[in-house]
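# Remarks on the overall topology
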Amino acid sequence: MINKLKTIDKPSIIISIIVAICFIFSIIFVYNNHGFYERPIAKVTENTVTDTTETIDLYENEDTIFTQQLIGELKNGEEKGQSIQLVNEYSSSGAYDFPYTVGDELFVSIDEDKPTLTGNITDVKRDKYIMIAMWLFIITLLLVGKKQGLYASFSLAINMLLLSWALDLYVSTGFNLLWIAGIAVVLFTVTSLLLVNGRNEKSYAAIITTILGTFISLLITYLAIWFTEGEGLYYEEMSFLTRPYEMVFLAGLFIGSLGAVMDVAISISSALYEFYQKDQAISNKALKKSGFNIGKDIMGTMTNILFFAYVSGSIPILIVYFKNSSPLGFALSQNLSLEIARALAGGIGIVLTIPIGIYTTIFFINRKRAKS
């Protein structure tokens, strides 16, 4: 019994050691990777606020502008190790700027034509914070999901690379973005579900359900926009794009609804297969009834999740509109039209996925019954 436990624990111990080594190496690297950047990086060593200015804007909102004198040590480039003087102006509202403290690392541009080493702040070096947040996410996945959590991490990394590849392909070649998004959706679905759940009938049922649910929901959304000629949709937030707004919006709908549809598909598939495993004599009618009961419970929560996820990003701009006495209807229509459309498209996908998932899973269960 003891030997059996030791055998079972060995893979977990090996994985834990590998994860610990990767964690330590990545943290050490990200704190000392200045030489890999082409842009100069300065680490703040001194900061002093030298001036404050009270301002009142057109809408009688008070604000205070602070001027901050910074001294930083250059961490890369030919001037590495030298001190550089920087000036930072930030407002009390902190909408577009913020103060810097000792220890912050900043990307700077150096003024070559001045006798003393001075420069301007262009951005903040945030990679170490991103790395720490990423490792917190991965460790949580591993603690909760164990082996499945590890596969989920691999799946996420692969999907990020696939998305980057898809966008690069569109920008560099100009291929139809919807076709690229469609191919990406299929690849996202297959890699995610096969990696996390393995090669089995449950995964196959979830893959087919996800692809059908996502494509049909996009088709319905496209037809609705086509019939209404896009009335009520405002693309002002995409005004900086030099590409067709509607195409980019539909591609975003395509990929955005995928996560919720995939979640519903695997939930239905896993639940019905669990019922079948416990009672292989269970009838299709009982499976169907159980599937629809599960779907009804999932439907409301998942639709709300989509709504809150999309709408939450518009809260800052809505506050700005309301602060400036914009009418409620105007503020909502201008800023939430696309978000609500995304949430509705995702909701359509969720609702359609429930019956598709039930009948697809029952089909695979019947195939398994016929073989046994």
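Let me begin by describing the structure that accompanies this report. These numbers were taken from a predicted model, which means no experiment stands behind them. (Residues numbered from 1 in each chain as written. Predicted model: local features only at pLDDT ≥ 70, side-chain atom pairs only at ≥ 80, totals over all residues. Heavy atoms only, no water.)

## Things to note about the overall build of the chain
When helices and strands are tallied, the chain shows 10 helices and five strands. Out of the 372 residues in the chain, the part that is buried amounts to 35%. Long-range pairs, those at least 24 residues apart, make up 68% of the contacts in the chain between residues at least 6 apart in sequence. Accessible surface computed for the chain: about 22300 Å², of which carbon and sulfur atoms make up 65%. (Helix = DSSP H or I, 4+ residues; strand = E, 2+ residues; numbered from the N terminus. Buried < 20%, exposed > 50% of the residue type's maximum accessible area, 1.4 Å probe, protein only. Contact = heavy atoms within 4.5 Å. Areas by Shrake-Rupley, 256 points an atom, 1.4 Å probe, with all protein chains shown as cover.)

## Focus: the packing of aromatic side chains
Two aromatic rings, taken as a pair, are described by how far apart their centres are and by the angle between their planes. The final tally for this structure, using the stated rule, is seven aromatic pairs. Here phenylalanine 98 and tyrosine 100 contribute two aromatic rings whose centre-to-centre distance is 5.4 Å and whose plane-to-plane angle is 75°, an arrangement assigned as edge-to-face. When its relative accessible area of 38% is taken as the criterion, phenylalanine 98 is described as partly exposed. Residue class for tyrosine 100 comes out buried when judged on its relative accessible area of 9%. An aromatic cluster is present here, built from Phe25, Phe29 and Phe36 joined pairwise through their rings. (Phe/Tyr/Trp six-rings, centres within 6.5 Å; stacked < 30°, edge-to-face > 60°.)

## Some words on the packing of helix α5 (residues 201–228) against helix α7 (residues 258–278)
Remark: α5 packs on α7, axes separated minimally by 8 Å, with the N-to-C direction vectors making an angle of 145°. Relative to α7, α5 is oriented so that their crossing is right-handed. Here α5 contributes Glu201, Lys202, Ala205, Ala206, Thr209, Thr210, Gly213 and Thr214 to the contact with α7, which in turn contributes Leu258, Val261, Met262, Ala265, Ile266, Ser269, Ser270 and Tyr273. Across the contact of α5 with α7, the residue classes tally to eight nonpolar, six polar and two charged. (Axes fitted to C-alpha atoms, helices over the stretch in contact; angles between N-to-C directions. Left-handed = near helix turned anticlockwise from the far one by under 90°. Nonpolar A, V, L, I, M, F, W, Y, C, P; charged D, E, K, R; others polar.)

## Comments concerning the environment of serine 155
Take serine 155: it is sitting in helix α3 (residues 147–173). For serine 155 and serine 192, which are 37 residues apart along the polypeptide, the C-alpha to C-alpha distance reads 5.2 Å. In contact with serine 155, other than residues within four places in its own chain, are Thr191, Ser192, Leu195 and Val196.

## A short note on the side chain of aspartate 127
In this structure, aspartate 127 sits in helix α2 (residues 127–145). Among the polar contacts listed, one links the side chain of aspartate 127 to the side chain of asparagine 33, at a separation of 3.0 Å. Of note is the side chain of aspartate 127, whose polar atom sits 2.9 Å from the side chain of lysine 125. Setting aside residues up to four positions removed in sequence, aspartate 127 forms contacts with Val30, Asn33 and Tyr37. (Polar contact = N/O pair within 3.5 Å; in protein donor to acceptor, adjacent residues only side chain to side chain.)

## What to know about the pattern of salt bridges
What the rule picks out here adds up to four salt bridges. Across the pair lysine 125 and glutamate 105 runs a salt bridge whose closest N-O atoms are separated by 3.6 Å. Of this pair, lysine 125 sits in the loop between β5 (118–124) and α2 while glutamate 105 sits in strand β4 (residues 105–111), placing them 20 residues apart in sequence. Across the pair, exposure class does not vary: lysine 125 and glutamate 105 are buried alike. The partner of aspartate 127 in a salt bridge is lysine 125, with the nearest N and O atoms 2.9 Å apart. (Salt bridge = Lys/Arg side-chain N within 4 Å of Asp/Glu carboxyl O.)

## Describing the environment of valine 102
Among the structural elements, valine 102 can be located in the loop between β3 (83–91) and β4. When its relative accessible area of 53% is taken as the criterion, valine 102 is described as exposed. For the pair formed by valine 102 and threonine 45, sequence separation is 57 residues and the distance between their alpha carbons is 5.1 Å. Excluding residues that lie within four positions of it along the chain, valine 102 makes contacts with Val44, Thr45, Glu46 and Asn47.

## Regarding the packing of helix α4 (residues 177–197) against α5
Two elements in contact, α4 and α5, have axes whose closest approach is 9 Å; the angle formed by their N-to-C orientations is 155°. Classified by the interaxial angle, the pair formed by α4 and α5 is roughly antiparallel. Pair α4 / α5 crosses with right-handed handedness. Within the contact between the two elements, α4 uses Leu178, Gly182, Val185, Val186, Thr189, Val190, Leu193, Leu194 and Asn197 and α5 uses Ser203, Tyr204, Ala206, Ile207, Thr210, Ile211, Thr214, Phe215 and Leu218. Among the residues making up the contact of α4 with α5, the classes are represented as 12 nonpolar, six polar and no charged. (Parallel < 35°, antiparallel > 145°, perpendicular 65-115°, else oblique.)

Nothing here speaks to function; it is geometry throughout.
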